[in-house]
Amino acid sequence: MREQVSKGSYDKEANVALVKLYQASPDRCDSGVLALVMIKAMMGRDSIALRFMIPDHLLVSSPLLLKICACDVLLEASSFEKFWQTENGQVEALVPGFSVVLRQ
């Protein structure tokens, strides 16, 4: 996942497989990596399915992941002003180029 961030690439199949692994073994879940998966999925315009694959207990245990999913809901609803207020640069700091891709 970190390679996808550093190289600006996106591997949807690998990310879906990782989320499925985390579903099956939530004790092995790295919420930071899962947050990056969601951010890259948002950039690839296919985050909705992944968002529903994340178990609720993983969401509530990670404030960052919860925020990213809340941002995804706002983006899906076309609440762009509220999205950018909520995102407030934190996601861009994790994945450089996030803002540019979403504004295209």
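Residues numbered from 1 in each chain as written. Predicted model: local features only at pLDDT ≥ 70, side-chain atom pairs only at ≥ 80, totals over all residues. Heavy atoms only, no water.

Draft legend 1. Seen up close, helix H3 (residues 31–43). Its 13 residues place the ends of H3 18 Å apart at the C-alpha level, agreeing with the 18 Å of an ideal helix rising 1.5 Å per residue. Within H3, 11 of the 13 residues are buried, which leaves it mostly tucked inside the rest of the structure. A side-chain oxygen of the first residue of H3 lies 2.9 Å from the backbone nitrogen of glycine 32; this N-cap is aspartate 30. Immediately beyond the C-terminal end of H3, within one or two residues, lies arginine 45, with a positive phi of roughly 60°. (Helix = DSSP H or I, 4+ residues; strand = E, 2+ residues; numbered from the N terminus. Expected span 1.5 Å × (residues − 1). Buried < 20%, exposed > 50% of the residue type's maximum accessible area, 1.4 Å probe, protein only. Polar contact = N/O pair within 3.5 Å; in protein donor to acceptor, adjacent residues only side chain to side chain.)

Draft legend 2. Examining the nonpolar core more closely. Counting residues in each nonpolar core, the largest one holds 29 residues, and the members touching the most others are Leu34, Ile54 and Phe98. If you list the elements that add at least two residues to this core, you get helix H2 (12–24), H3, helix H4 (47–53), helix H5 (56–60), helix H6 (63–76) and helix H9 (98–103). Ranked by residue count, the leading element in this core is H3, at 10 residues. In this structure isoleucine 54 touches Leu34, Met38, Leu59, Leu65 and Cys69, once residues within four positions along its chain are discounted. (Core = buried A, V, L, I, M, F, W, Y, C linked by side-chain atoms within 4.5 Å. Contact = heavy atoms within 4.5 Å.)

Draft legend 3. Structural context of the pattern of salt bridges. In this structure the tally under the stated criterion is 4 salt bridges. For lysine 7, the salt bridge identified is with glutamate 3, shortest N-O distance 3.5 Å. With a gap of 4 residues between them, lysine 7 and glutamate 3 both fall in helix H1 (residues 2–7), about one helical turn apart. Judged on exposure class, the residue lysine 7 and its partner glutamate 3 are both exposed. The salt bridge involving arginine 51 is made with aspartate 72; its shortest N-O contact spans 2.4 Å. Placement of arginine 51 in helix H4 and of aspartate 72 in helix H6 is noted, with a sequence separation of 21 residues between them. Summarising the burial analysis for this pair, arginine 51 and aspartate 72 share the class buried. Shared partners join several salt bridges into a network, and the residues in it are Arg51, Asp72 and Glu76. (Salt bridge = Lys/Arg side-chain N within 4 Å of Asp/Glu carboxyl O.)

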